[in-house]
Amino acid sequence: MTRRREQKIQRFREQKANEVRLAELSKLVESEHSDEEVRREFYLVTIKRWISTALEDLDSIHMEKGMLEQMADSRLNQSNVKAPDKPRPCLEPLKPIIITRDKVQAAVFGAGYPGLPTYSVEEFVQQRYGDMQIDANKSKSLMDRAMNPNASAEDRENKAVVKDYAEEKDDLEALKKAREMDDWKDDHRRGYGNKMNRS
């Protein structure tokens, strides 16, 4: 093992020396005044470099071949000892459905395929989620926003009215909060926050 390591170190040193010498010789060969002796040495160093590369590749191939043989043997041993697999439970495939906006649309347009059930959105939600109560105070769905586009504007107006009323009434808590915010803005310029995530 130590002999192999020594050989590898020696080969590595020779390869480094060959690369340095090859760089020097390649500059000399490219010049117009290079003689035959310099070219001969350039080709010999190039050949030595490729020989050392080939020897390293052969060593790695032999090592890899041994590992692959060992893996193949271990797989054979495992396959002989391996217990029979448990059969997987057969899951029932999901049935495709078509969702329509309402029952009338389902009746008119239908699926066109006799075995394919058609549901309205309400029926689908009722079947999937049952009688689950949805909190009306939480964020509204996109469909609600599309049906009533003025709702968000109304919400903003309501918030502005509440804020104005608090200011008019001289609400101490709101006044204190506004003053603290002004003080904070005085102390911290815009963009003061997290600078670690800058690109």
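Residues numbered from 1 in each chain as written. Predicted model: local features only at pLDDT ≥ 70, side-chain atom pairs only at ≥ 80, totals over all residues. Heavy atoms only, no water.

## Description of the overall build of the chain
Each helix and strand counted, the chain has 7 helices and 2 strands in total. Tracing the chain from N to C terminus, the helices and strands come up as α-α-β-α-β-α-α-α-α. Residue burial in the chain is summarised as follows: out of 199 residues, 9% are buried. Considering only contacts in the chain between residues 6 or more positions apart, those separated by 24 or more positions represent 28%. Carbon and sulfur atoms provide 55% of the accessible area of the chain, an area that totals close to 19,300 Å². (Helix = DSSP H or I, 4+ residues; strand = E, 2+ residues; numbered from the N terminus. Buried < 20%, exposed > 50% of the residue type's maximum accessible area, 1.4 Å probe, protein only. Contact = heavy atoms within 4.5 Å. Areas by Shrake-Rupley, 256 points an atom, 1.4 Å probe, with all protein chains shown as cover.)

## Quick look at helix α7 (residues 172-187)
Under the 1.5 Å per step criterion, the end-to-end length of α7 is 23 Å for 16 residues, consistent within 8% with the ideal 22 Å. Of all 16 residues that make up α7, 0 are buried, and the element is exposed over most of its length. (Expected span 1.5 Å × (residues − 1).)

## Some words on a negative patch on the surface
Residues Glu180, Asp182, Asp183, Asp186 and Asp187 make up a contiguous surface patch of negative charge. Summarising the element assignment, Asp183 is placed in helix α7. Assessed through its relative accessible area of 47%, Asp183 is described here as partly exposed. (Patch = residues over 30% accessible without salt bridge, like charges linked within 9 Å, V, L, I, M, F, W, Y side chains within 5 Å. Salt bridge = Lys/Arg side-chain N within 4 Å of Asp/Glu carboxyl O. Lys, Arg positive; Asp, Glu negative; His and termini not counted. Charge placed at Lys NZ, Arg CZ, Asp CG, Glu CD.)

## Re a nonpolar patch on the surface
There is a patch of nonpolar side chains on the surface, built from Leu44, Ile47, Ile51, Leu55, Leu58 and Ile61 and spanning about 530 Å² of accessible area. Position of Ile61 among the secondary structure elements: in helix α2 (residues 36-81).

## Overview of the environment of Lys16
Within the element layout of this structure, Lys16 appears in helix α1 (residues 2-30). Sequence separation between Lys16 and Arg49 is 33 residues, and the spatial gap between their C-alpha atoms is 9.1 Å.

## Some words on the environment of Lys8
Topologically, Lys8 is positioned in helix α1. Residue class for Lys8 comes out exposed when judged on its relative accessible area of 56%. In this structure, the C-alpha to C-alpha distance between Lys8 and Leu55, residues 47 residues apart in sequence, is 9.9 Å.

## A closer look at the confidence of the model for the chain
Detailed reading of the predicted coordinates is not advisable wherever pLDDT falls low. This prediction gives the chain a mean pLDDT of 77; 73% of its residues lie at or above 70. Averaged pLDDT values for the elements of the chain fall to 62 in helix α3 (residues 103-109) and rise to 87 in α2. (pLDDT = per-residue confidence, 0-100.)

## Considerations on the nonpolar core
The biggest cluster of nonpolar side chains holds 6 residues, and these are Leu22, Leu25, Val29, Val38, Phe42 and Val45. Where this core is concerned, the elements lending two or more residues are α1 and α2. In this view, Val29 contacts Ser34, Val38, Arg39 and Phe42; residues no more than four positions away in its chain are not counted. (Core = buried A, V, L, I, M, F, W, Y, C linked by side-chain atoms within 4.5 Å.)

## Description of the side chain of Ser52
With respect to the helices and strands, the residue Ser52 is situated in helix α2. Exposure remark for Ser52: the relative accessible area of 8% places this residue in the buried category. Beyond its immediate chain neighbours, meaning those up to four positions away, Ser52 contacts Arg11 and Gln15.

## A look at the pattern of salt bridges
If you walk through the whole model with that rule in mind, you get 3 salt bridges. Across the salt bridge formed by Arg21 and Glu24, the nearest N and O atoms sit 3.1 Å from each other. With Arg21 and Glu24 both in helix α1 and 3 residues apart, the pair spans about one turn of that helix. Judged by its relative accessible area of 30%, Arg21 is partly exposed. Classification of Glu24 as partly exposed rests on a relative accessible area of 41%. Beyond isolated ion pairs, a larger network of salt bridges with shared partners links Arg21, Glu24 and Glu41.

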